[in-house]
Amino acid sequence: MSSSIGDSSFRPHTGQIRHLDAVQARQLVGLFERPVVSDQLGLAYDASDSLTAATKGELAIQPAAADGHSAAVIGHYSTHLYLHELLRLPLSVARELKQHRGHLYLDKLVAVTDTVAEELAKHMGGGLSLNNLRQLSVPSARALGRHAGELSLNRLTSLDANAALGLAQNEYQLYLGSLGRLSPVAAAALSQHRGDLFLEGLKELPGRVASHLARHRGKLHVHGIAGLSDAVAEAFGRRQRFLCLQGVERLTPVQAQLLASHRGPLLFHRLAVDDAVAACLARHEGSLSVNVGNGITLLQLELLVQHVGQIVLVGLTTINERQARVLASQNNWHGVPGLSGLFLDDINRITPPVAAILATHQAGGLSLKGLSELTEDTARELVRHPILCLDGISSISDGVAKILGRYEGATLSLKGLKTISTSAISKLRDNPAIELPRWFYGAGNLSPDQSCTALAEPPKMGPLETIRIIQQIAGQGEQMLKN
């Protein structure tokens, strides 16, 4: 389970807990509970509470009446409970921790019993991280495979085929980052998995294994392979779903041609794009992500924009008018405008003439999340694009807000706004095509000279009191370990 999933200021304190009993575990779960309450604007959100903010709005929607909550409670925010120093997990503690609604990190445990695995499998509302398990029995794998959330087992170095079949029941993200190799039988078992499958540690990828993995029914991430054989390229070329090969550095023209038959999202992060590779990838159909850098040639850009589908150009931080004209000519999806898209999210600054050219792009959405500032001249040009994402903009002037408020396209996303005057926000929220952070819609009662920030109700317990209780639990655990 990726650590980028979120964090909170309580992590250093819960990270001191090395021992828990059932009563302490129940108390801890209660401290991290954040019910979702419906209000007049949708779902009440407290951005000042670090636990709630760390969830990034991720919810666990569950019936709450049986839990003694009011009818207004429709679920819980998926908070992050880091217990990455907990040394052991008795069955009684597992029964309490499974009640936590959110991500549960238990990354110190080197083993769990089959009965504990059965309890942890009942955990709902978030991911389960057991990143220190070195072995996994078949019964435990079958139990954990039923877990209703992402599952991280990034220290497993080998996987029995029957255990793989058990884990394949999981329908969410499955992280197996330390598997250096897979047998064809285990790969065939994992191909039945329906969620995102992360095999970041694979260093060997025989053609038979690739053929099985190519049939995997979810998103497939194979990050550790620097190069592909022709047999592997052919197998993956038959795949019809998401494929991330972020570690691949070079492709021969033959391999690029074989991979071009792949249909669906295809991601490269380190691939060296030359003219031959660009010409082959131009025949690919589906979303395409490549790390091109500022050294990409006009010819290579011209080839890549012939590709049918969304295109993500990572590493392109600057753009001139000639490049903008090429990018703006991106092919429509089978001749239909608006169904594709152009993602230039690493570009941090554009001039008004470049903005004017990009605004003529008609293939689909235009994403410029790397822009952090927007002048009036640039805004005046960009608003002509019909589907525009500027989520990297955190603050705009009243003049820019006035220009954006007149947007006549289908969608303008400004979800990254954090600070703006109420007189400016009124110019934006009256336009139904503009997408804003939720909390700005409740800012009408502020005085004109105030800045609009997240509307929030106070958390049920202050952070200092929460930390005090966590430290008390940690201290009690240390005393139990001494005894």
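What counts, and at which threshold
Residues numbered from 1 in each chain as written. Predicted model: local features only at pLDDT ≥ 70, side-chain atom pairs only at ≥ 80, totals over all residues. Heavy atoms only, no water. 1 Å grid on protein atoms, 1.4 Å probe; cavity = no way out; pocket = protein on both sides within 12 Å on 5 of 7 lines; lining within 4 Å. Points joined across faces, edges and corners; volume = space filled by probe spheres on them. Nonpolar A, V, L, I, M, F, W, Y, C, P; charged D, E, K, R; others polar. Helix = DSSP H or I, 4+ residues; strand = E, 2+ residues; numbered from the N terminus. Buried < 20%, exposed > 50% of the residue type's maximum accessible area, 1.4 Å probe, protein only. Polar contact = N/O pair within 3.5 Å; in protein donor to acceptor, adjacent residues only side chain to side chain. pLDDT = per-residue confidence, 0-100. Contact = heavy atoms within 4.5 Å. Axes fitted to C-alpha atoms, helices over the stretch in contact; angles between N-to-C directions. Parallel < 35°, antiparallel > 145°, perpendicular 65-115°, else oblique.

## Regarding empty space enclosed by the protein
Line of reasoning, step 1. Counted under the stated rule, the structure contains one cavity of 30 Å³ or more.
Line of reasoning, step 2. In this structure, the largest cavity occupies an estimated 40 Å³ of space.
Line of reasoning, step 3. Taken together, Val 29, Phe 32, Glu 33, Arg 34, His 76, Tyr 77, Thr 79, Gln 99, His 100 and Arg 101 make up the lining of the largest cavity.
Line of reasoning, step 4. Considering only residue class, the lining of the largest cavity consists of three nonpolar, four polar and three charged.

## Topic: the side chain of Arg 101
Line of reasoning, step 1. By secondary structure assignment, the location of Arg 101 is in the loop between α4 (91-97) and β6 (102-105).
Line of reasoning, step 2. Its relative accessible area of 15% is what places Arg 101 among the buried residues.
Line of reasoning, step 3. A polar contact of 3.2 Å, which involves the side chain of Arg 101, links it to the side chain of Glu 33.

## What about the confidence of the model for the protein chain?
Reading predicted coordinates in detail is not appropriate for stretches of low pLDDT.
Line of reasoning, step 1. When pLDDT is averaged along the protein chain, the result is 89, and 90% of the positions lie at 70 or above.
Line of reasoning, step 2. A low-confidence stretch, residues 2-7 (pLDDT under 50), is modelled with 15 contacts involving residues beyond four sequence positions or located in other chains.
Line of reasoning, step 3. Overall, residues 443-459 carries pLDDT values under 50, and its contacts beyond four positions in sequence, including any with other chains, amount to 37 contacts.

## What about helix α14 (residues 321-328)?
Line of reasoning, step 1. Within the sequence span of α14, burial applies to Gln 323, Ala 324, Val 326, Leu 327 and Ala 328.
Line of reasoning, step 2. Looking at the buried residues of α14, the elements they touch are α13 (298-304), β15 (311-314), β16 (340-343) and α15 (352-358).
Line of reasoning, step 3. You can read the cap of α14 off the contacts: a side-chain oxygen lies 3.1 Å from the backbone nitrogen of Arg 322, and it is on Asn 320.

## Some words on the packing of helix α17 (residues 398-405) against helix α18 (residues 422-429)
Line of reasoning, step 1. Their axes nearest at 8 Å, the elements α17 and α18 cross at an angle of 10 degrees. For the element pair α17 / α18, the angle class is roughly parallel. Across from Asp 398, Ala 401, Lys 402, Leu 404 and Gly 405 in α17, the residues of α18 making contact are Ser 423, Ala 424, Lys 427 and Leu 428.
Line of reasoning, step 2. For the contact of α17 with α18, a count of residues per class yields four nonpolar, two polar and three charged.

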